[in-house]
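Structural description and commentary
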Amino acid sequence: MGLRGPAPTPTAIRRVNGNPSRRPFPANEPNYGSGIVVAPYALSPAAKKHWNFLAEKMSQAGVLKSVDSYGLATLCEDLALAETLRSDFRAMITAAERQAKDRGLSIKGRATGLVAQSVNGRRLLSTLNEIESRNLLKLREYGMTPASRSRVEASGAGGSGMIDPLEAAIAG
């Protein structure tokens, strides 16, 4: 059985948003330091391409911590696997079109539908669909989708320069 309710908002995001819930921050939350994150040795060559791109972008954004290497590695492997499955599906379409042409047959509609109706095509698309949904969840975890990025708003010194009158009165 899954966990109940929505996932808790990370403390760092609550600090940036100004702690709208007014609940105290956890005192003993683990704080993993930033560090150079090295790609795992067992990463496939296709996944290593994704690793190099994502690790660079995440490091620049200050999101990547040394403890994130396993999660990022699984994301990269899944992205590489999804690419492989997509190319396999395209190869199945090309083979179906070639087979039909060799037999002098014409395919009504697109060959994509014909391949998707085959047993192997359904298996491949089902696997691809599952991996893509896993990838989307992982990308959300790292804040790499437009919706997950838009949830964080910086407030305070780095903002527009406007001072909240209530905050100014309280701070003195």
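Residues numbered from 1 in each chain as written. Predicted model: local features only at pLDDT ≥ 70, side-chain atom pairs only at ≥ 80, totals over all residues. Heavy atoms only, no water.

Notes on helix 5 (residues 119–141)
Every α-helix carries 3.6 residues per turn, so stepping three or four residues along brings you back to the same face. Here is the rule we go by: Segments assigned H or I by DSSP are reported as helices when at least four residues long, segments assigned E as strands when at least two residues long, and all are numbered from the N terminus. Here a helix's expected span is defined as the number of its residues, less one, multiplied by 1.5 Å. Each residue is placed in one exposure class: buried if its accessible area under a 1.4 Å probe, protein chains only, is under 20% of its type's maximum, exposed if it is over 50%, and partly exposed if it falls in between.
Counted at 1.5 Å a residue, the expected span for helix 5 with its 23 residues is 33 Å, and the 33 Å between its end C-alpha atoms agrees. Every buried residue of helix 5 is listed here: G121, L124, L128, I131, N135 and L139.

Considerations on the pattern of salt bridges
We apply this condition: Each reported salt bridge corresponds to a side-chain nitrogen of Lys or Arg within 4 Å of a carboxyl oxygen of Asp or Glu.
Inspection of the entire model under this criterion finds 4 salt bridges. A salt bridge links R134 to E130, with the nearest nitrogen and oxygen atoms 4.0 Å apart. Taken together, the positions of R134 and E130, both in helix 5 and 4 residues apart, correspond to about one turn of that helix. Taken together, the salt bridges that share partners define one network made up of D78, E130, R134 and K138.

So, the nonpolar core
Nonpolar side chains in soluble globular proteins tend to be buried together. Convention followed: What we call a nonpolar core is a set of buried Ala, Val, Leu, Ile, Met, Phe, Trp, Tyr and Cys residues that are connected through their side-chain atoms within 4.5 Å. Only heavy atoms enter the contact rule, under which two residues are in contact if any of them lie within 4.5 Å.
Membership of the largest hydrophobic core comes to 16 residues, with the highest contact counts inside it found for W51, L54, M58, L64, L72, L75 and C76. Elements that contribute at least two residues to this core include exactly helix 2 (45–61) and helix 3 (69–102). When sequence neighbours within four positions are dropped, the list of residues in contact with M58 reads V63, L64, L72, Y142 and M144. By size, the runner-up hydrophobic cluster in this structure holds 10 residues, among which are L85, A96, V115 and L124.

Read these as geometric descriptors, not functional statements.
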